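Structural description and commentary
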Amino acid sequence: MPVAPVAPEWWRQAGDPVLARLVQQGLGSSEEIACRISGLRQFDLRVAQEEKRIGTKFNRLFRADQKIAADARARAREAREQRVVARRIDLARQIALDYVEVRRLQEEIALRSGLHDQYKDNAEVAQFRREAGLVSAIDGALAQSQDEAAQGELGFAQARLGEVVSRLARLVGDTPEAVVGKMGPPGPVLTPPNDTPSAGAPENARRTALADDIAREARLVRALEQARRTVRDARGAYRQGAGEFTTLYVAEAAVTAVNLALVNVRANRMTATLELWSEQDTTWANRGLEPAVAGLPMTAGTTLEIADCD
């Protein structure tokens, strides 16, 4: 009978090789997971030693007692195995979500960094018009405060990025510098699929939220197009002396807000999608945890100390 192919782990469905490598690295380098697996193997070996020591003769004489003991051992093993599984699932999820957050912050930083030249140009135009006696000093002050506020928000985003990268580095067992190198150039948030519930599908709060986010993203895309047209018109009018700086100020603030909202809603969609996938596919976390004690040395009189990772 042909063996069914093993389905790829959920984090590979995103189609991002960097994400896949980081998750695999984290799962492979986790000292906690390694300790729990070691404890599970030691538990299996101790059980095998005890069963060999007792022998079939005593099993026949005390079959009822042995059944009770065997059931207790099975429950103890199941509890140990589930602790490994739970930690694997949680670690993979944490790495994936932090990866999305890093990409979101990178996109926000790129957006905010690009505003400096634009706001500098506004200030130069305001200064020229003030020197020409066309406007008061208020325009220049507004332009300066606009740039200073943007630089402050940029600094906050950069500090937050450093925090998330450090946390991601701890999860994958690496240094922040190495993680940044492995991630490569800053890139946009992953584009999630339109994973909306089909007709007749069971109700799922996360899927409903995803559908809301998809609709919100479509509205934001339309709003961004309109906001950009407004900024172009407001900037052209101000440069020609036919518009007020306050109009340009508000229009530029609006386009920035919509842009950031669009980045955030895409990140939220990707986060929700990854969480949905991680809940649906947990079979991968059980792989390699089957009892395997054949061929292991079992010296008479040896007492095993089972690893305690808690």
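Predicted model, so just to flag it, every value in this text is computed and none were measured.

**Details of the overall build of the protein chain**
Helix and strand content of the protein chain: 8 helices and 0 strands. Overall, the protein chain shows an N-to-C arrangement of helices and strands of α-α-α-α-α-α-α-α. When burial is assessed residue by residue, the protein chain has 37% of its 310 residues classed as buried. Within the protein chain, counting contacts between residues at least 6 apart in sequence, those at least 24 apart form 83% of the total. Approximately 17500 Å² of the protein chain is accessible, and the part contributed by carbon and sulfur atoms is 55%.

**A closer look at the packing of helix α1 (residues 17-29) against helix α5 (residues 137-172)**
How two helices pack is summed up by the angle between their axes together with the distance between the axes. Across the interface, α1 lies against α5 with an axial gap of 7 Å and an inter-helix angle of 55°. In terms of axis orientation, α1 runs oblique to α5. Here L22, Q25, G26 and S29 of α1 lie close against α5, whose contacting residues are L168, L171 and V172. Considering only residue class, the contact of α1 with α5 consists of 4 nonpolar, 3 polar and no charged.

**Description of the confidence of the model for the protein chain**
Chain-level pLDDT for the protein chain is 84 on average; 84% of the residues reach the 70-or-more range. Across residues 197-201 the pLDDT falls below 50, and counting only partners more than four positions away or on other chains, this stretch makes 2 contacts in the model. This model gives residues 298-303 a pLDDT under 50, and the stretch forms 6 contacts once residues within four places in sequence are excluded.

Rules used throughout
- Residues numbered from 1 in each chain as written.
- Predicted model: local features only at pLDDT ≥ 70, side-chain atom pairs only at ≥ 80, totals over all residues.
- Heavy atoms only, no water.
- Helix = DSSP H or I, 4+ residues; strand = E, 2+ residues; numbered from the N terminus.
- Buried < 20%, exposed > 50% of the residue type's maximum accessible area, 1.4 Å probe, protein only.
- Contact = heavy atoms within 4.5 Å.
- Areas by Shrake-Rupley, 256 points an atom, 1.4 Å probe, with all protein chains shown as cover.
- Axes fitted to C-alpha atoms, helices over the stretch in contact; angles between N-to-C directions.
- Parallel < 35°, antiparallel > 145°, perpendicular 65-115°, else oblique.
- Nonpolar A, V, L, I, M, F, W, Y, C, P; charged D, E, K, R; others polar.
- pLDDT = per-residue confidence, 0-100.

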